[in-house]
Structures are given as C-alpha cells and as structure tokens.
Amino acid sequence: MLDIKDLRDHIEQTAQRLATRGYSLNVAKLTALESTRKLLQVDAQTLQSTRNDLAKQIGQKKAKKENVDDLLAEASNINQALSDKESQLIQVQAELEKHYLDIPNLPHDSVPVGKSEEENVEIRRWGEPAQLAFGPKDHIDLGEGLGLMDFAAAAKISGSRFVVLRGQLARMQRALTQFMLDIHTKEHGYNEVYVPFLVNEKSLYGTGQLPKFREDQFSIAGDNALTLIPTAEVPVTNLVRDEIIEAQNLPLKFVAHTPCFRSEAGSYGKDTRGMIRNHQFEKVELVQIVKPQDAYTALEALTSHAETILQRLKLPYRVMALCTGDMGFSSAKTYDLEVWLPSQNQYREISSCSCFEAFQARRMQARWRNPETKKPEPVHTLNGSGLAVGRTLVAVIENYQDSEGRIHVPEALQPYMDGVKIIQ
RNA sequence: GGAGAGGUGGCCGAGUGGUUGAAGGCGCACGACUGGAACUCGUGUAUACGCUAAACCCGUAUCGAGGGUUCGAAUCCCUCCCUCUCCGCCA
C-alpha cells in the first residue's frame, strides 16, 4: 500500500509514476471518493462527539434522579442521523480500501523505465558459459537418463508440473539446501527460521499476494481458509506484522528453507516440461527488515548474498535490473539473477531480489520506533531467493554434465554429499 | 474428538453498564537529591484515523475479532478466532 497522505497530496505525480509500470490510476474517481470520505467522516465524528456528550449528561442527571426525557429524545435523533452517516462512511471507506490495495508500488528512481522484460537492463555478468563440445542435454534427458528424475511417477501421484527425485538427485537437492543455509547463516549473518507453510488471509494481504493474485495460490478447503505459501516471503515477512520494533534491533535478517506452492495459473504452455516451473518447489529465502535509510544498501547486500551461492557453485550468471513494466506488484526495485542453462543456450531466472520500501510494512502495520521522531514509522522490507533450490539443481545438472550424460558434483557441494564426485 | 478455564496497555494486574483510554504495580524516559551511583521523590510513558502546510491542541475509534441490546458497553447477549489445563488419539 502506498502512503495515503502522500497519494492524496501528489496524486498527479503518483499517477505518472505508476503509468511507467503500466498501471493507470483512476485519479478522478479517487479524488471524488476521498472528498466524499472526508465530509462523511467529519460529520460522523461530530455526531459521535455529540452523542458521547449527551450520554454523559444523561448519566450525571440520572445519578441525581433528575428527569432526562428530553435528552433521551435528542440522543435518539442523533443516533438515527449517525447510523445513516456511518453506513455511508463504511461503504466509501471500503471502496477506497479496495482501490488502495489494488495500486502497485512506486518504482524507485533508479529503475529503468520499460514495458516488458525486453527492456530489463543487464548490470553485470559472472563466469563464462562452458563451451561444451558435445550437444548439451537438458536436465530432463539427463535426469531421466540417470533414472533419478521421474515425471511419470509424479504425474501418476499428483499430475503435471510435479517431479519425483530419486537417489543422488534427491540427495543433491537436499545438499544444495543445506549448503545455502550454511552460507547465509554462517557467513552472511542471517537467522534461520522455520515457519508455517499454511498461512491465513491476513498474511497474504500483508505481503501483497492478496487481493489481486488469488488465482496464483493454492488454498485448502474448509471453514478456516488457509493457503499454501507461494514463497517463504509470506510467513517470514509477516513475523513483524503488527509489531513495533526498537531501533537497536534492526536490521532483522532471516533465512528460511520452505517448499513453495504455485498454481501457475496463466502460465499454460510455458516450461511445461521439467523442473523449471512446477506447482511445488524448494526455496531458500532471504528476508531483511531494515530502517528506511538502509534499504538500498541492504538490497545490494542481499543480492550479493544470493550471488555468492552461484559463485561458490561456479555457475555462470548475470544480474538484471528489472524495468518498471516487469517488476512485481509490491516491489520498488528488483534485481533478478539469471543462471546459464546450456540446453536453452540462455540465462534463466533463478533468484529475484526486491526492495519493497514501506509498501508491505504499511499493509502489515510493521513499524519501528524512530529515535529522532520517537514515533512509530513503517519499516522497509526486502527479500530475495537465495536461491530457488529446484532451479539450482537444474542449473547444476545441465552445467556439470559430461558427454556421457553423467553429472559432476560441484566441488563446494561434495562435502554435503559424502564426497560423491560424479552421479552416474 | 471429549471436558473445563481464559483472552484488558511493553509486562503483571484491577475493573459486571455511566465523566474508564482504562486504578495499582513493574519496566522505561526525563528531572531532583548525590562527588558519582544505588535508594528515595517528582513528572511523563499506547496505537490508528481525522483536523492541520506541519506540529501542538482538539475530535473519533480501539480492553482477542465481528455483530447485537442500550441514551451510554471492557462490563450484558450472539457468532467466530486464539491460548491454556486434563482425558483420548497421534508423527
């Protein structure tokens, strides 16, 4: 959610900035609703104030056994007028709220303006894609060839867009997870957290998945609607929902390993084969809660933390600054890490690192006490994949294949696999 | 699943319809006392929204959430959520 006061005061500029990301703000409608709201709210509060006064007087007079019939009559009139105003106000406020929750975040000034991913800007590259003398296979052929990746079994059990991993590949996925967690906790100062994988609606509103993206989520049936997390961002960031954090406790740095569940609505036909786009995948997620002035330093740091994993695994990648038109709903600035996939002869997203500024914090009422103002102010939130484990497994499989279809285990990973050097 | 108890400010805790946003205590902040500190004393100490250029002031709302009764609800009624205890079941 944007800062409402700021939005009211600079609605035209805000509309222009939102336009760069393809969102058209209904200025006339919002302005009209706001002025209606203002009138109704002032009226309603005045009436409430009068009613409170009357009630007090009635109480005092009754205590003295005086007659209060005239006051009662007056109070009754007020209440009628009040309930009328209140119902109007509630309606207008609900409508405003609906609009506000629908507005995406403002892009940071440094974000390149563009319409689609075509206009994302490459920031830097690391590593050289290996020139494989043989025709590189994709992870599906390799995995199935080894008998360790089984999409048929997954389809039988659940359906398309799932995978069964066996033996050393299942082991390697676990190894990757441990490897990532160790680096982030031991070298980058993150606190590991274990969190629920099923969350309530409030949490999803907090981080911005709702109300707009309901169809992307898996929800479970029942009276008490819970949703499978699409990313650990949801439960981890919501740790600070409705909290006021003392300045000395910032920044908070969390790392969590969780499965992620995505319905992949609207992605029919994209990456339907293999492990790139599944309904269920593993991810190690980094989350930071910081003071506003530290947000963009933190974004650079967090991005570099994710990069470390790729570097240790010696996987070639590039860092992309997403353009205004390609950024996620809640983000003010996003870097994507894209890893080299030989089979596709291109870089593919493996991590997304974003700064949300106060956008999520306002939705969540996550605040810190600013020592300068002594007032609670929204914190800034960030997160990034560090990394998507399933896609990392794909990248390792494809980049470390040899001409015989075997997978060499990256050196950094060998200690996590009892020294196994080759999967065959 | 069965039976019971309970949810009040940062924490503890009083409060069963009327100047209660809420006694008292703890904690915290500031001040006085002191050479300095402890002790002691004094003062202050919720959040959101509205009003405002902004701040103060002021107003409104909030005692788990929502609804109801009433001139007036932390207090009465209904629904839901959550926590705890015992039993059962169980990774």
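Residues numbered from 1 in each chain as written. Chains lettered and ligands numbered in written order. Predicted model: local features only at pLDDT ≥ 70, side-chain atom pairs only at ≥ 80, totals over all residues. Heavy atoms only, no water.

## Some points on the protein's contact with RNA strand B
To keep it simple, the criterion reads: By convention in these notes, a residue is near a molecule or strand provided one of its non-hydrogen atoms lies within 4 Å of it. Pairs of N or O atoms are called polar contacts if they sit within 3.5 Å, as long as, within protein, a hydrogen donor faces a hydrogen acceptor (for residues adjacent in sequence, only side-chain-to-side-chain pairs). Helix and strand assignments follow DSSP, with helices taken as H or I runs no shorter than four residues and strands as E runs no shorter than two, numbered in order from the N terminus. Here the nonpolar group is Ala, Val, Leu, Ile, Met, Phe, Trp, Tyr, Cys and Pro; Asp, Glu, Lys and Arg are the charged ones; every other residue, Gly included, is treated as polar.
With respect to spatial proximity, 26 residues lie near RNA strand B, and among them Arg8, Lys38, Gln48, Ala55 and Asn79 are the closest. Within the side chain of Ser49, an N or O atom sits 3.3 Å from a sugar or linking oxygen of RNA strand B. Between a phosphate oxygen of RNA strand B and a side-chain N or O atom of Arg51, the distance comes to 3.2 Å. Residue assignment for the surface near RNA strand B shows that the elements contributing at least two residues are helix H1 (4-9), helix H3 (27-63), helix H4 (69-102) and strand S14 (367-369). Considered class by class, the residues forming the surface near RNA strand B number six nonpolar, 10 polar and 10 charged.

## A closer look at the pairing of strand S12 (residues 333-341)
Formally: For every residue, the accessible area (1.4 Å probe, protein chains only) is compared with the maximum for its type, and the residue is labelled buried under 20%, exposed over 50%, or partly exposed between those bounds. Strand pairing is assigned whenever DSSP identifies at least 2 bridges connecting the two strands.
Summarising burial for S12: nine of the nine residues are buried, a large majority. Across the two faces of S12 the burial is the same, with Lys333, Tyr335, Leu337, Val339 and Leu341 and Thr334, Asp336, Glu338 and Trp340 all buried. Of the strand pairs in this sheet, S12 and strand S13 (residues 346-357) are connected by nine bridges, and their pairing is antiparallel. From the neighbouring strand, Leu337 faces S13, where its bridge partner is Ser351. Hairpin connection between S12 and S13: a loop of four residues separates the two successive antiparallel strands, and Asn345 in this loop has a positive phi of roughly 55°.

## Details of helix H12 (residues 389-399)
Counting buried residues along H12, 11 of its 11 residues qualify, which places the element largely inside the surrounding structure. Within the sequence span of H12, burial applies to Val389, Gly390, Arg391, Thr392, Leu393, Val394, Ala395, Val396, Ile397, Glu398 and Asn399.

## Considering a negative patch on the surface
Keep this limit in mind: Residues forming no salt bridge and having over 30% relative accessible area are the ones grouped into patches, like charges within 9 Å of each other and nonpolar side chains (Val, Leu, Ile, Met, Phe, Trp, Tyr) within 5 Å. Only the protein chains shown count as cover for residues, with accessible areas throughout obtained via the Shrake-Rupley method and a probe of 1.4 Å. The working definition used for a salt bridge is a side-chain nitrogen of Lys or Arg within 4 Å of a carboxyl oxygen of Asp or Glu. For the purpose of counting charges, residues Lys and Arg are taken to be positive, whereas Asp and Glu are taken to be negative. His and the chain ends are not included. By convention, the point assigned to a charge is CZ for Arg, NZ for Lys, CD for Glu and CG for Asp.
Among the surface-exposed residues, Glu117, Glu118, Glu119, Asp326 and Glu349 lie close enough to one another that they form a single negatively charged patch. Within the secondary structure, Glu119 sits in the loop between H4 and strand S1 (121-126).

## A few points about the packing of aromatic side chains
Filter applied, for reference: Only the six-membered ring of Trp is used, alongside the rings of Phe and Tyr, when aromatic pairs are assigned; centres must lie within 6.5 Å, and planes under 30 degrees apart are stacked while those over 60 apart are edge-to-face, with the rest tilted. As a reminder, the over-ring test applies to NZ of lysine and CZ of arginine, requiring each to be within 6 Å of the ring centre and within 35 degrees of the ring normal.
Counted under the stated rule, the structure contains six aromatic pairs. Pairing Phe213 with Phe329 gives two aromatic rings, centres 5.5 Å apart and planes at 75°, and the pair type is edge-to-face. Of this pair, Phe213 sits in the loop between helix H8 (201-207) and strand S6 (218-220) while Phe329 sits in the loop between strand S11 (317-321) and S12; the two residues are 116 residues apart in sequence, bridging distant segments of the chain. Under the relative-accessibility criterion, Phe213 is labelled partly exposed at 27%. Using a relative accessible area of 11% as the deciding quantity, one classes Phe329 as buried. Ring centres of Trp340 and Tyr347 lie 5.0 Å apart, and the angle between their planes is 70°; this geometry places the pair in the edge-to-face category. A relative accessible area of 11% places Trp340 in the buried class. Owing to a relative accessible area of 9%, Tyr347 belongs among the buried residues under this scheme. Site record: aromatic cluster; members linked through ring pairs are Phe213, Phe329 and Phe359. The cationic tip of Lys253 hangs over the ring face of Tyr190; the distance from NZ or CZ to the ring centre is 4.9 Å.

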